[in-house]
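# Per-entry structural report
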Amino acid sequence: MPWGEFKDTAAERRLFQRRTLVMLAFVMLAIGGLIARMYQLQVVEHEVYTTLSDKNRVQVQSVPPPRGLVYDRNDTLLAENRPVFSVTLVPERVQGMDDTLAQLGKILEISDEDRERFQRRLQEPRRPFQEIPLRYDLNEQEMARLAVHRHELPGVEVKAELVRFYPHSELTAHALGFVGRINRDELQRIDPVNYAGTNYIGKSGIERFYEEILHGQVGYEHVETNARGRTLRVLERENPVPGEDLQLHLDLRLQQRAHELLDGRRGAIIAIEPDTGGILALASVPGFDANKFVTGISVNDYRELSDSKDKPLFNRALRGQYPPGSTVKPMLAVAALDSGATTRDYTIWDPGHFRLREGGRLWRDWKRTGHGWVDLKDAVAESCDVYFYEVAVEMGVDTMHSYLSHFGFGEDATLDVSGALSGLLPSRDWKRAVRNEPWYPGDSVNMGIGQGFMLATPLQLATATALIANRGRWVEPRLLKDIKGDRPVEEFLPAETHEPLNLKNPDDWEYVVDTMVEVMHGPKGTARSVGRGASYKMAGKTGTAQVFSLAEDEEYDEEEIRERLRDHALFVGFAPADKPEIAVAVIVENGGSGSGTAAPVARALFDSWLLEYNQADGALVSGVGEVAN
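Residues numbered from 1 in each chain as written. Predicted model: local features only at pLDDT ≥ 70, side-chain atom pairs only at ≥ 80, totals over all residues. Heavy atoms only, no water.

### Overview of the environment of Pro 580
- Tracing the sequence through the fold places Pro 580 in the loop between β19 (568-575) and β20 (582-588).
- Since its relative accessible area comes to 17%, Pro 580 is described here as buried.
- Spatially, the C-alpha atom of Pro 580 lies 7.8 Å from that of Asn 470, the residues being 110 residues apart in sequence.
- When residues no more than four places from it in sequence are discounted, the contact partners of Pro 580 are Pro 274, Ala 469, Arg 471, Phe 574 and Ala 575. (Helix = DSSP H or I, 4+ residues; strand = E, 2+ residues; numbered from the N terminus. Buried < 20%, exposed > 50% of the residue type's maximum accessible area, 1.4 Å probe, protein only. Contact = heavy atoms within 4.5 Å.)

### A closer look at empty space enclosed by the protein
- All told, the structure shown has four cavities of 30 Å³ or more when counted by the stated rule.
- The space that makes up the largest cavity amounts to roughly 50 Å³.
- Contributing to the lining of the largest cavity are Gly 408, Glu 411, Asp 412, Ala 413, Thr 414, Ala 420, Leu 421, Leu 459, Gln 460 and Thr 463.
- The residue inventory of the lining of the largest cavity, partitioned by class, reads four nonpolar, four polar and two charged. (1 Å grid on protein atoms, 1.4 Å probe; cavity = no way out; pocket = protein on both sides within 12 Å on 5 of 7 lines; lining within 4 Å. Points joined across faces, edges and corners; volume = space filled by probe spheres on them. Nonpolar A, V, L, I, M, F, W, Y, C, P; charged D, E, K, R; others polar.)

### As for the nonpolar core
- Counting 146 residues, the largest nonpolar core has Phe 407 and Phe 409 as its most contacted members.
- Per element, the largest residue contribution to this core is eleven residues, and it comes from helix α16 (residues 385-406).
- Counting residues in each nonpolar core, the second largest holds 16 residues, with Val 94, Leu 134, Leu 153 and Val 156 among its members. (Core = buried A, V, L, I, M, F, W, Y, C linked by side-chain atoms within 4.5 Å.)

### Regarding the packing of helix α14 (residues 329-339) against α16
- In contact at an axis separation of 9 Å, α14 and α16 are set at 80 degrees when each is read in the N-to-C sense. What the angle tells us is that α14 and α16 run roughly perpendicular. Within the contact between the two elements, α14 uses Lys 329, Met 331, Leu 332, Ala 333, Ala 335, Ala 336, Asp 338 and Ser 339 and α16 uses Asp 385, Phe 388, Val 391, Met 395, Thr 399, Met 400, Tyr 403 and Leu 404.
- The residue inventory of the contact of α14 with α16, partitioned by class, reads eleven nonpolar, two polar and three charged. (Axes fitted to C-alpha atoms, helices over the stretch in contact; angles between N-to-C directions. Parallel < 35°, antiparallel > 145°, perpendicular 65-115°, else oblique.)

### Examining the packing of aromatic side chains
- A complete count under the given rule lists twelve aromatic pairs for this structure.
- Judged by centre distance (5.7 Å) and plane angle (35 degrees), the rings of Phe 354 and Tyr 389 are tilted. Taken as a pair, Phe 354 in strand β14 (residues 353-355) and Tyr 389 in helix α16 lie far apart in primary sequence, 35 residues in all. Tyr 389 carries the same exposure label as Phe 354, and that label is buried.
- Following the ring pairs from residue to residue traces out a cluster consisting of Phe 178, Phe 288, Phe 293 and Tyr 302.
- The ring of Tyr 200 carries Arg 181 above its face, with NZ or CZ at 5.4 Å from the centroid.
- A cation over a ring is seen here: Lys 484 above Tyr 71, with NZ or CZ 5.0 Å from the ring centre. (Phe/Tyr/Trp six-rings, centres within 6.5 Å; stacked < 30°, edge-to-face > 60°. Lys NZ or Arg CZ within 6 Å of the ring centre and 35° of its normal.)

### Overview of unusual backbone geometry
- In this model, Val 285 is joined to Pro 286 through a cis peptide bond whose omega is 5 degrees.
- Tracing the chain through its elements places Pro 286 in the loop between β12 (279-285) and α11 (291-294).
- That bond from Ala 575 to Pro 576 is cis: its omega, -20 degrees, falls within 30 degrees of zero.
- Along the chain, Pro 576 turns up in the loop between β19 and β20.
- The backbone of Asp 75 shows a phi angle near 65 degrees, a positive value even though the residue is not glycine.
- In this structure, Asp 75 sits in the loop between β2 (70-71) and β3 (77-89).
- Phi is positive for Ser 383, which is not a glycine, with a value near 55 degrees.
- As for its position among the elements, Ser 383 is in the loop between α15 (376-381) and α16.

### Here's the deal with helix α19 (residues 458-469)
- For α19, with twelve residues, the first-to-last C-alpha span of 16 Å sits near the 16 Å given by 1.5 Å per residue.
- In terms of burial, α19 is largely enclosed, as twelve of its twelve residues are buried.
- Within α19 the residues assigned to the buried category are Pro 458, Leu 459, Gln 460, Leu 461, Ala 462, Thr 463, Ala 464, Thr 465, Ala 466, Leu 467, Ile 468 and Ala 469.
- Positioned one or two residues after α19, Arg 471 has a phi angle of 55 degrees, which is positive. (Expected span 1.5 Å × (residues − 1).)

### A short note on the sheet that holds β19
- Here we have five strands laid out as an open sheet, ordered β12-β11-β20-β19-β18, and antiparallel in their pairing. What marks the edges here is a single partner per strand, and that holds for β12 and β18 (539-545). The average angle at which neighbouring strand axes cross in this sheet is 5 degrees, direction not considered.
- As defined by bridge partners, strand β11 (residues 267-272) adjoins β20 across six bridges and the pair is classed as antiparallel. Its bridge partner being in β20, Ala 271 is matched across the sheet by Val 584. (Pairing = 2+ DSSP bridges.)

In structure tokens:
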């Protein structure tokens, strides 16, 4: 067959052209798809991918607000913020945590305790990309060494932050409280937005009660970072709102004086300004250094504090619950007069003991030979137990409970003092519920001298004393005096809930005050030696609280009793008696005699406040210059 019969050039050309067109259509379709995708990425989804791109380069970081400062009534700084440099790690950016920690250990001195604390915080719930501190308070040499190796340590930063500092820590620890690192439970209840970037929160005292206004409002900044997450520059910033600065009624001079007067002894002092309810001094001795708790106290330091037999962490002023002893007698005198259980002229014969019935149990007076014939004024001045045994039985527990509750016993009557306990004001219902027993007349006998079941805190004793100083006008104790800004104090203080204690005969207030003046200045007053030579009149009441019970015929021998089993020494009082400017409650644990131990402490405190501090401030002290009887 000829060659030409097998070759059809026209057909081959048509086939080639069809294939070319198909390929050209495919190529054009592919180009069209690429153009469409490019349009979608560059135009339609431009903002989406710009944002994603910026996330690799721009980070939004929270800026914690500076915590508000705290001042005393004279504008002395009590709590401030100081810059501290720490090394922190962001786990999401660290490449090999164990290797990074090992390398940091060669550059810095990192204790086993620092490592354990870091590992513990690493396991706790936290916000994404939150920095976890490893070491605090770096010095210049350590920061320099870390800067040299910084490029080798992704996710490791040297961070400067403001950390709480208490210049007078030992003096103010129990009054102000302290801040500490946010724990797991607190992390669940705080506002995660406002606390973003904040590592510290108030743990106790004023720091905890006013946490909301001390903390402030968080700020933000947009920063440009490199591939390792290190900040290159700040692109935009919204400044945080600092916390409010607080001014307290507390007077640092009086606080220091209180600590000096209790130095070497365990005890507490509360001083209140009767007119305002402002707490002038809140001292619990021994104290502790609150600064150790801010960034995390070491195990050894905490064990030393917690294991100490003197219990420096225990706030005796607010949480110490003691039998009030004879310091409750002025309050019971008010109750007895107003309820009709006694009169100003009613007298009894005190042989040195008391019996509910013939042949029954013997309740002894502190004075074994007795006080002889005594009326109510003598009974308070000489602290006659037998008189108050009889009056207590006459009133009964219901009347005593009713009146004493009006004085603030059995409750936390404060406005802004965090952690105060309520003590124990016993009643029939309480004893039935707790002990499944009825209330016996003997229980009323014990309650008549502030013993038995009754317990009170030093703050409650000072509050009740201030009520007498105010002649029945209630002013709840408070620490906050002012907010250094435009916001009113009343916005943050709880509402006052106590009504005045109105007596059937208002003159009974003056009579009871006179009985307390007799304690300090009368010829038979238990604290007459303390009041001697004063240029102003003071009103007071000494007290002694048993630490353990004595048998009916057993005598108390202070010399033979170990120091920690001796009676507590108490005193309550105010001065000047006619226009009180300060009311105090003092307890010296195992101090023995209230008149010999606690009353001199109160006299020194009165002298400091009335004759030294107030005069130095240019204040006129009412009653000073009046010669005491």
